[in-house]
Amino acid sequence: MRDPNFVPHTDYEERPVSEMKKRAFEFYEDMKHRRTVRDFSDRTVPRDIIENCLLAAGTAPNGANKQPWHFVLVSDPKTKKKIRVEAENEEHEFYNRRAPEDWLEDLQPLGTNENKPFLEKAPYLIGIFAQNYKFDENGEKEKHYYVKESVGIATGILITALHKSGLATLTHTPSPMGFLNEIMGRPSHEKPFLLLVVGYPEEGVQVPEISKKSLDEIATFL
Ligand code: IYR
């Protein structure tokens, strides 16, 4: 075993408490305006914005720094169409056969259905894959840890970065979504985690009237 290599954490910057309070407040004020949209404009988005958001996602804390994620970016209309066809097939099954009644009832306020035109219209679809393990240069299996947690955190940072850049997202989870492996050319030990739809909201877009839980409901201070 090698000794760990440590370096001074010179990137950490302590701020005055008043500034900390302001930053925490302003961040919440910004984040509370993030909404999932289901109608996207077809306006293009500069690729470097997406690239920087992906780099931000890649900074996520994760199990043993294995960084067990892979992001596949789709902007090509033909590939988007294939994804839409497969996703709508699964959603058709879900809405007409697979979903239990109480699940459909819970979805009713969101107004979702089996039609997913945004999969073709939005400029970018991001397939997020969780690598349960990987193969090293010698073809040996290398273990990954806390994969779902790690990919979940990276996805949260990605959504936040896209929102901070001025873009809208939709976390889409056609189920099952194994078809994404084939269309996106990813090996079978990578599991599709979710499909993130990215772009500008359609002009005049409407969103469901929903509310978020209060602090008392989501947190306990012991
Ligand atoms: N995947 C389906 C159903 C769906 C499920 C949940 I949980 C949602 O929060 C939203 C939709 C669909 O995308 O329509």
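As a reminder, the structure under discussion sits directly above these lines.
Remember, predicted model here, so these are calculated numbers, not experimental data.

Cut-offs and rules
Residues numbered from 1 in each chain as written. Predicted model: local features only at pLDDT ≥ 70, side-chain atom pairs only at ≥ 80, totals over all residues. Heavy atoms only, no water. Helix = DSSP H or I, 4+ residues; strand = E, 2+ residues; numbered from the N terminus. Buried < 20%, exposed > 50% of the residue type's maximum accessible area, 1.4 Å probe, protein only. Contact = heavy atoms within 4.5 Å. Areas by Shrake-Rupley, 256 points an atom, 1.4 Å probe, with all protein chains shown as cover. Lys, Arg positive; Asp, Glu negative; His and termini not counted. Charge placed at Lys NZ, Arg CZ, Asp CG, Glu CD. 1 Å grid on protein atoms, 1.4 Å probe; cavity = no way out; pocket = protein on both sides within 12 Å on 5 of 7 lines; lining within 4 Å. Points joined across faces, edges and corners; volume = space filled by probe spheres on them. Nonpolar A, V, L, I, M, F, W, Y, C, P; charged D, E, K, R; others polar. Salt bridge = Lys/Arg side-chain N within 4 Å of Asp/Glu carboxyl O. Core = buried A, V, L, I, M, F, W, Y, C linked by side-chain atoms within 4.5 Å. Axes fitted to C-alpha atoms, helices over the stretch in contact; angles between N-to-C directions. Left-handed = near helix turned anticlockwise from the far one by under 90°. Pairing = 2+ DSSP bridges.

Once that is clear, we can look at the overall build of the protein chain. Scanning the protein chain from terminus to terminus reveals eight helices and six strands. If you list the helices and strands of the protein chain from N to C, you get α-α-β-α-α-α-β-β-β-α-β-α-β-α. Taking the principal axes of its C-alpha atoms as reference, the protein chain extends roughly 55 × 50 × 40 Å. Going through the 222 residues of the protein chain one by one, you find that 33% of them count as buried. Looking at the protein chain alone, contacts between residues at least 24 apart form 80% of all its contacts between residues at least 6 apart. With the model as given, the accessible surface of the protein chain reaches about 15,100 Å², and the carbon-plus-sulfur share is 51%. If the 30 positive side-chain charges of the protein chain are averaged to one point and the 36 negative ones to another, these points end up 2 Å apart.

On to the layout of surface pockets. Vacant regions in the atomic arrangement are exposed by a probe of water-molecule size rolled over the atoms. Space inside the largest pocket adds up to approximately 520 Å³. Considering the residues around the largest pocket, the lining is formed by 21 residues, among which Arg38, Leu107, Leu110, Thr112 and Thr171 are closest to the centre. When contributions to the lining of the largest pocket are tallied by element, the ones reaching two or more residues are helix H3 (77-98), helix H4 (101-107) and strand E5 (168-172). Per-class residue counts for the lining of the largest pocket are nine nonpolar, six polar and six charged. Phe27, Tyr28, Met31, Lys32, Arg34, Arg35, Ile210, Ser211, Lys212 and Lys213 are the residues that line the second largest pocket. For the lining of the second largest pocket, a count of residues per class yields four nonpolar, one polar and five charged.

The final tally for this structure, using the stated rule, is 14 salt bridges. The salt bridge partner of Glu51 is Arg47, with a shortest N-O separation of 2.8 Å. Here the residue Glu51 and the residue Arg47 both occupy positions in helix H2 (residues 47-57), the gap between them amounting to four residues, near one helical turn. Accessibility expressed as a relative area gives 58% for Arg47, which makes it exposed. A salt bridge links Glu142 to Lys66; its shortest N-O distance comes to 3.4 Å. Placement of Glu142 in strand E4 (residues 141-143) and of Lys66 in the loop between H2 and strand E1 (69-74) is noted, with a sequence separation of 76 residues between them.

The next point concerns the environment of Ser188. Checked against the element boundaries, Ser188 lands in the loop between helix H7 (179-184) and strand E6 (190-199). As for Ser188 and Gln131, which are separated by 57 residues in sequence, their C-alpha atoms are 9.3 Å apart.

Ranked by size, the top nonpolar core spans 42 residues in total, and within it Phe71, Leu158 and Leu196 carry the most contacts. Ranked by residues supplied to this core, first place goes to helix H6 (residues 147-165) with seven residues. Beyond its immediate stretch of four places on either side in the chain, Leu158 contacts Cys53, Leu54, Ala57, Phe71, Ile126, Ile128 and Leu196.

The next subject is the packing of H2 against H6. For the pair H2 and H6, the least separation of the axes is 8 Å and the interaxial angle reads 145°. For H2 against H6, the interelement crossing comes out right-handed. Contacts from Ile49, Ile50, Cys53, Leu54, Ala56 and Ala57 of H2 reach H6 at Ala154, Ile157, Leu158, Ala161, Leu162 and Ser165.

The sheet built from four strands is open, its strands ordered E1-E2-E6-E5 with antiparallel pairing. Each edge of the open sheet carries a strand with a single partner, namely E1 and E5. Across the sheet, the axes of successive neighbouring strands diverge by a mean angle of 25°, strand direction being ignored. On top of the sheet, H6 reaches E1, strand E2 (124-131), E5 and E6; it is set at about 10° to E6, its chief contact.

Ser175 connects to Pro176 through a cis peptide bond whose omega is 0°. Among the structural elements, Pro176 can be located in the loop between E5 and H7. One non-glycine residue with positive phi stands out, namely Asn65, at about 50°. Mapped onto the secondary structure, Asn65 falls in the loop between H2 and E1. Relative accessible area serves as the criterion here: at 53%, Asn65 is assigned to the exposed category. Phi at Tyr146 takes a positive value of approximately 45°, unusual for a residue other than glycine. Since its relative accessible area comes to 60%, Tyr146 is described here as exposed.

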